[in-house]
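# Examination of the molecular architecture
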There are 2 protein chains.
Amino acid sequence: MDIDELSTDILSSKRRALARAITLVESGRADHRADAIALLQALKDADHGRQALRVGLSGTPGVGKSTFIEAFGLMLTAQGLKVAVLAVDPSSARSGGSILGDKTRMEQLSRDPNAFIRPSPSQSHLGGVARRTREAIELCEAADFDVILIETVGVGQSETVVAELSDLFVLLLAPAGGDELQGVKRGIMEMADIILINKADGDLKATASRTCADYAGALRLLRKRPQDPEGFPKALTVSAAQETGLDTAWDEMTTLAEWRREAGHWDARRRAQARYWFEAEVREALLSTLRREPVKGAMERLAGQVEAGDLTAAAAADDLLTTYLQRGPGGT
Amino acid sequence: MDIDELSTDILSSKRRALARAITLVESGRADHRADAIALLQALKDADHGRQALRVGLSGTPGVGKSTFIEAFGLMLTAQGLKVAVLAVDPSSARSGGSILGDKTRMEQLSRDPNAFIRPSPSQSHLGGVARRTREAIELCEAADFDVILIETVGVGQSETVVAELSDLFVLLLAPAGGDELQGVKRGIMEMADIILINKADGDLKATASRTCADYAGALRLLRKRPQDPEGFPKALTVSAAQETGLDTAWDEMTTLAEWRREAGHWDARRRAQARYWFEAEVREALLSTLRREPVKGAMERLAGQVEAGDLTAAAAADDLLTTYLQRGPGGT
C-alpha cells in the first residue's frame, strides 16, 4: 500500500481515500495495522493543523436521533460546512446491523457532497470500536471536515467513550414527565455540555418546555466545572422534525467551543484525551498478547486445571505470567 | 511465615488464623502475595472437600441490608450453622469507611462465636476488591463455614462481581410503587435467583406485597434459564425487623441450591467461575507490569509526546510494546 499517496489524497479531501483509510484502521490484520499506524503518523507529521469541532451525541432509541442528525447536518452543510458522522455502537456486531443502518435513515444527508457518514465498525468489544472511531476522527480531521458528529445510543459505557472522543458532549432527550428525569444517570448528566430536548413540536411542545426546565434546574444543581463559562451546561428545546431550534443549538455549541478555545480548555482536553487513549491502547495491546500462541494455549491448559480444582487461580496466573510473559514471580 | 501451620490452623477452624490469612491475601506486598499464593494452594492440596453455600446479596442503601444480615445470620447460627459475612465495596477506600462499618451495625451477629464478619478490603479498584474477596471466600470455606454471605451495595459493576463469586444471588429490595420497579436494571434482575422485598411489616406490609407481586410478574417475563427449576427465580417478602419470612427465604435458598447440585449446575457454575477469575487474575497481573519500571517511565515519556501531538497514540503504543514488552510490531 502506498501510504504517501493515501496520505496526500486524504489531505486533499478525497472521499474515496478517506473511506479506504477508515477501512484500513478498522481492519484486524497485522499488516493492515502496521499500514494504519504509518498512515496516521504520516498525517500527523504533515502538520496540517486542521481541527474539526468534534461533537459527541448521545441519545437513547426513540428520541429522534437520526432525524436530528439529518436536519442538523443539512443545516451545517447549507452553511458551507463539511460534516462527518461517525458512530460508536458496540452492539452493532451482535445485532448484525449498525446504528446508522444503511444510511437510509439519513437519506438526504448521506447524498450531500459535504457530508460523510460512516457506520460503526463491526467490533464485538467497545475497546475496538473506540479505537477505530478515534482513528476515523483523526482521518476526517485531516481530510478537512469542519464538524464531526460522533453518535452513540446510550448503553453502558459507550457515552463515556464518546465523551472522551469529543470536544463537546450533547445529550439528546425526549420530552417526558418529571419522574423520568431520574432515568438519566447522574454520571451521564455530569458529562453533558448541552442537553437538547427534541420533539418540541405539536402536542409535545409544552411537555418539552417543562422537561427542558426540569433539566436546566438539575444542571444548575451540579458542581461547577472549570471548563464551563457562565450559563453552561445548558438545556434547550429543539424540533428536528420541524427544524426549529437547530440554529440556536449550533450557536450555543460554537459559543462554548470558542470560549473553551480561548480559555485553554480545548487544548487541555485534547491533550488529556490523547493521553487517555494512548494508555487505553497500550492496555488493549498488552492484553491482546493473551490471545496469541503460545500464551493462549498455556492459558487454556491452566484454565482447565483451575476448573478441575487442581490449581488455584492465583497460582495458575502466577505460573502463566512467570513462564510465558517474562515477569518475576509474586508481584502484584 | 509458616504456611503449613497457618494452613493447618485454618483447616482446624481457628478464627485468628483465618483473620490473619485474610489480611495476608489483602496485602499488596510482593512477599505477602507469594505467601498468599502458597497458602491458597496448600489449602487446595489438602483436598478438604468443604463447600459452603455462597450467597451473594445486593441491596441499595436504605433497604435494611445490615438489619437483614443480622437477623438472617442469627437465625442460621441458631440452627448450628457457621456463617461468614464478606463485603464487596469498591467505594470503601474512597469513603474511608467500609460497607460493614465497624461491625456496630451487626452488633449481635458480630459477637456470635459461629459468625465471622469481615469488612471490604480498602482497595481503590473493584478488581482488587474482587480478588481479595474471592480468596477470603476460599479461606472461609477451608475453615469449614457453612454459609458465606457476600454483600454489596448496588453500585456499578459490583453486583456482577458478587454474582460471579456466589452460588446464589439474592436481591434485597424495599417496598415501592410500581413506577420504581424500573429502577432495578434489567441486567441485575436477570442475575437474581431470589428477590426479597424487605420491610414487609407495619404500614409498609401491603406495599411490600404489591411490590413482591410486581417483581414476581417481572421475573416471569424473563427468559427461562437452564439453572432454574420450576418456580425460580422467585420473589418473596420478608421483614428483617420482625424476623418474619426469613425461614422461608432460607428454605427457598437451600431448595434451589440442592436442585442445582443434583442437576449438575452447581459444579458447572463453580467451574465457570474458577475459569472467569483465573482469566481476570491473568489480565490484572499483566496490566500491573505497566505500573513497574522501566515500563512506567517509558510510558510516561511517550504519553508526553502523544499529548504534545508529536506521536499518534497508535505509534506510541506500538513503540512501547515492541521495545519494552517483547512484542512483535504491528500486531493487534
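Residues numbered from 1 in each chain as written. Chains lettered and ligands numbered in written order. Predicted model: local features only at pLDDT ≥ 70, side-chain atom pairs only at ≥ 80, totals over all residues. Heavy atoms only, no water.

## As for the overall build of chain A
Looking only at helices and strands, chain A features 14 helices and seven strands. Within chain A, the proportion of its 332 residues that are buried is 53%. Summarising the internal contacts of chain A: among those between residues at least 6 apart in sequence, 75% fall at separations of at least 24. Split by element, the accessible area of chain A, about 14,400 Å² in all, is 49% carbon and sulfur. (Helix = DSSP H or I, 4+ residues; strand = E, 2+ residues; numbered from the N terminus. Buried < 20%, exposed > 50% of the residue type's maximum accessible area, 1.4 Å probe, protein only. Contact = heavy atoms within 4.5 Å. Areas by Shrake-Rupley, 256 points an atom, 1.4 Å probe, with all protein chains shown as cover.)

## Regarding the relation of the copies chain B and chain A
Between the two copies, chain B and chain A, the superposition gives an RMSD of 0.1 Å; the rotation angle is 179° and the shift along the axis is 0.1 Å. The relationship between the two copies is best expressed as a two-fold rotation axis. The share of interface residues of chain B whose copies in chain A are also at the interface is 100%, consistent with both copies meeting through the same surface. (Least-squares fit on C-alpha atoms with pLDDT ≥ 70 in both.)

## Comments concerning the interface of chain B and chain A
Every contact between the two is made by 57 residues of chain B and, on the other side, 57 residues of chain A. Roughly 4,700 Å² is buried in total at the junction of chain B and chain A, and carbon and sulfur atoms are behind 67% of that figure. The closest approach of N and O atoms between E307(A) and R271(B), which form a salt bridge, is 3.4 Å. Applying the counting rule to chain B against chain A returns ten residue pairs in polar contact (both at pLDDT 80 or more). At the level of secondary structure, the elements contributing two or more residues to the side of chain B that touches chain A comprise α3 (30-45), α7 (126-142), α12 (265-288), α13 (295-307) and α14 (313-324) of chain B. (Buried area = accessible area lost by both parts, 1.4 Å probe. Salt bridge = Lys/Arg side-chain N within 4 Å of Asp/Glu carboxyl O. Polar contact = N/O pair within 3.5 Å; in protein donor to acceptor, adjacent residues only side chain to side chain.)

## Section: the packing of helix α2 (residues 15-26) of chain A against helix α7 (residues 126-142) of chain A
To describe two helices that pack against each other, one gives the angle between their axes and the distance between the axes. All names here are of chain A. Relative orientation of the contacting elements α2 and α7 amounts to 155°, with a least axis distance of 9 Å. Taken together, the axes of α2 and α7 lie roughly antiparallel to each other. The way α2 lies across α7 gives a crossing that is right-handed. Residue-level contacts link L18, A21, I22, V25 and E26 of α2 to R132, E135, A136, L139 and C140 of α7. Residue composition of the contact of α2 with α7, by class: seven nonpolar, no polar and three charged. (Axes fitted to C-alpha atoms, helices over the stretch in contact; angles between N-to-C directions. Parallel < 35°, antiparallel > 145°, perpendicular 65-115°, else oblique. Left-handed = near helix turned anticlockwise from the far one by under 90°. Nonpolar A, V, L, I, M, F, W, Y, C, P; charged D, E, K, R; others polar.)

## Here's the deal with the domain arrangement of chain A
Here chain A is partitioned into domain 1 (1-49), domain 2 (50-262) and domain 3 (290-331). The centre of domain 1 of chain A, based on its C-alpha atoms, is set 38 Å off from the matching centre of domain 3 of chain A. (Domains from an automatic or database assignment.)

## Side note on the pairing of strand β3 (residues 115-118) of chain A
Each regular strand carries side chains that alternate between the two faces of the sheet. Residues and elements named next belong to chain A. Neither face of β3 is left uncovered, since the one carrying A115 and I117 and the one carrying F116 and R118 both have all their residues buried. When strand β2 (residues 83-87) meets β3, the two strands line up parallel, connected through four bridges. Along β3, the bridge assignment pairs V83 with A115. (Pairing = 2+ DSSP bridges.)

## A word on helix α10 (residues 205-221) of chain B
All names here are of chain B. Given a rise of 1.5 Å per residue, 17 residues ought to cover 24 Å, and the 25 Å separating the end C-alpha atoms of α10 matches this to within 8%. Looking at α10, one finds that the buried residues are A208, T211, C212, Y215, A216, A218 and L219. Summarising the axial view, the buried residues of α10 lie within an arc of 165°, below the 170-degree limit, and thus occupy one face. α10 presents A206, R210, R220 and L221 as exposed residues on the side facing more than 90 degrees away from its buried surface. (Expected span 1.5 Å × (residues − 1). Arc of directions from axis to C-beta.)

## Comments concerning the sheet that holds strand β5 (residues 168-173) of chain B
Residue and element names in this part refer to chain B. Strand order in the open sheet formed by seven strands is β3-β2-β4-β1-β5-β6-β7, with parallel pairing between adjacent strands. In this open sheet, the two strands that pair with only one neighbour each are β3 (115-118) and β7 (234-237). In this sheet, neighbouring strand axes are inclined to one another by 20° on average, regardless of whether the strands run parallel or antiparallel. Strands in contact with helix α4 (residues 65-78) are β1 (53-58), β2 (83-87), β3, β4 (147-152), β5 and β6 (194-197); relative to β4, the strand with the most contacts, it is inclined by about 180°.

## Thoughts on the sheet that holds strand β1 (residues 53-58) of chain A
Residue and element names in this part refer to chain A. In space, the seven strands of this open sheet follow the order β3-β2-β4-β1-β5-β6-β7, with parallel pairing throughout. Whereas interior strands pair on both sides, the edge strands pair on one side only; in this sheet they are β3 and β7 (234-237). Neighbour to neighbour, the strand axes of the sheet diverge by 20° on average, direction disregarded. Its contacts with the sheet put helix α8 (residues 158-165) on β1, β4 (147-152) and β5 (168-173), and the angle it makes with β4 is roughly 170°.

## Comments concerning the packing of aromatic side chains
This structure, assessed with the given rule, holds eight aromatic pairs over all chains. Their ring planes at 70° and their centres at 6.0 Å tell us that F72(A) and W250(A) sit as a pair that is edge-to-face. Placement of the pair is F72(A) in helix α4 (residues 65-78) and W250(A) in helix α11 (residues 246-263), with a sequence separation of 178 residues. Looking at W250(A), the relative accessible area reads 9%, which means it is buried. Considering the side-chain rings of F116(B) and F145(B), the 6.1 Å spacing of their centres and the 55° angle between planes classify their relative orientation as tilted. One end of the pair, F116(B), is in strand β3; the other, F145(B), is in the loop between α7 and β4, and 29 residues separate them in sequence. Note on F116(B): relative accessible area 6%, which makes it buried. Owing to a relative accessible area of 5%, F145(B) belongs among the buried residues under this scheme. An aromatic cluster is present here, built from F68(A), F72(A) and W250(A) joined pairwise through their rings. The residue whose ring lies beneath K234(B) is F232(B), and the NZ or CZ to ring-centre distance is 4.5 Å. (Phe/Tyr/Trp six-rings, centres within 6.5 Å; stacked < 30°, edge-to-face > 60°. Lys NZ or Arg CZ within 6 Å of the ring centre and 35° of its normal.)

## Things to note about the packing of helix α14 (residues 313-324) of chain A against α3(B)
At a minimum axis distance of 8 Å, the contact between α14(A) and α3(B) shows a crossing angle of 125°. The orientation of α14(A) with respect to α3(B), classified from their angle, is oblique. Between α14(A) and α3(B), the contacting residues are A314(A), A315(A) and D318(A) on the first element and R33(B), I37(B), L40(B) and Q41(B) on the second. Considered class by class, the residues forming the contact of α14(A) with α3(B) number four nonpolar, one polar and two charged.

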